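Residue-level listing of the chains:
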Amino acid sequence: MATTIRPLYDRVIVKRITETEQVRGGIIIPDTAKEKPQEGEVIAVGSGKLREDGSRTPLDVQVGDRVLFGKYSGSEVKIDGEEFLIMREDEILGILESAGKGKAAAK
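A few points on the structure.

The rules we used
Residues numbered from 1 in each chain as written. Predicted model: local features only at pLDDT ≥ 70, side-chain atom pairs only at ≥ 80, totals over all residues. Heavy atoms only, no water. Helix = DSSP H or I, 4+ residues; strand = E, 2+ residues; numbered from the N terminus. Buried < 20%, exposed > 50% of the residue type's maximum accessible area, 1.4 Å probe, protein only. Contact = heavy atoms within 4.5 Å. Areas by Shrake-Rupley, 256 points an atom, 1.4 Å probe, with all protein chains shown as cover. Lys, Arg positive; Asp, Glu negative; His and termini not counted. Salt bridge = Lys/Arg side-chain N within 4 Å of Asp/Glu carboxyl O.

The secondary structure content of the chain amounts to one helix and eight strands. What you see in the chain, going N to C, is helices and strands ordered as β-β-β-β-β-β-β-β-α. Relative to its full complement of 107 residues, the chain shows a buried share of 22%. Across the chain, the fraction of contacts at a sequence separation of at least 24, relative to all contacts at a separation of at least 6, is 66%. Accessible surface, the chain as shown: approximately 8200 Å² in total, 51% of it carbon and sulfur.

What follows covers the side chain of Glu89. Summarising the element assignment, Glu89 is placed in the loop between β7 (82-88) and β8 (92-96). Summary of buried charges: Glu89 has no salt-bridge partner, and the nearest side chain of opposite charge, Lys49, is 8.5 Å away. Once residues within four sequence positions are removed from consideration, Glu89 is found in contact with Asp10, Leu59, Asp60 and Val61.

The tally for this structure, following the rule as stated, stands at four salt bridges. Arg88 is the salt-bridge partner of Asp10, the closest N and O atoms lying 2.7 Å from each other. Of this pair, Asp10 sits in the segment before β1 (11-16) while Arg88 sits in strand β7, placing them 78 residues apart in sequence. The class for Asp10 is buried, based on a relative accessible area of 7%. A relative accessible area of 34% means that Arg88 is categorised as partly exposed. Between Arg66 and Glu39 there is a salt bridge; the shortest N-O distance is 2.2 Å. With Arg66 in strand β5 (residues 66-69) and Glu39 in strand β2 (residues 39-45), this residue pair connects regions lying 27 residues apart in the sequence.

See the structure below:
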C-alpha cells in the first residue's frame, strides 16, 4: 500500500536528485564520503502560509519544479523506503529552469 503525504501551510516535500557517479583518476568514492545533492524535485506542496486575516499566501513553487536548497535545509523523512525532505518554502534557494522553458515564458 502506497502512502501519500500532504504538507501543511508553506511546507514542501522534495526528493533529492542523485547525480550519476563520476570516477576520476580511477578513484571510487564510497557513498558515506559523498556529499548529498542540494538539488531536488518538488513532490508535493502545502496550501500556503496563513496570514493574520485568515487568507493564504500561495507558494511560488509547484509540483515538478527542480529546486536548489541549502546543505542543512529541511528534515529528512523516510516513507515507503524512499527518502524525502520536508522544508519550508523559504528554505528553497531557487527554481532551476531549462533554457527553452525560460524563453517561452518570457514571450
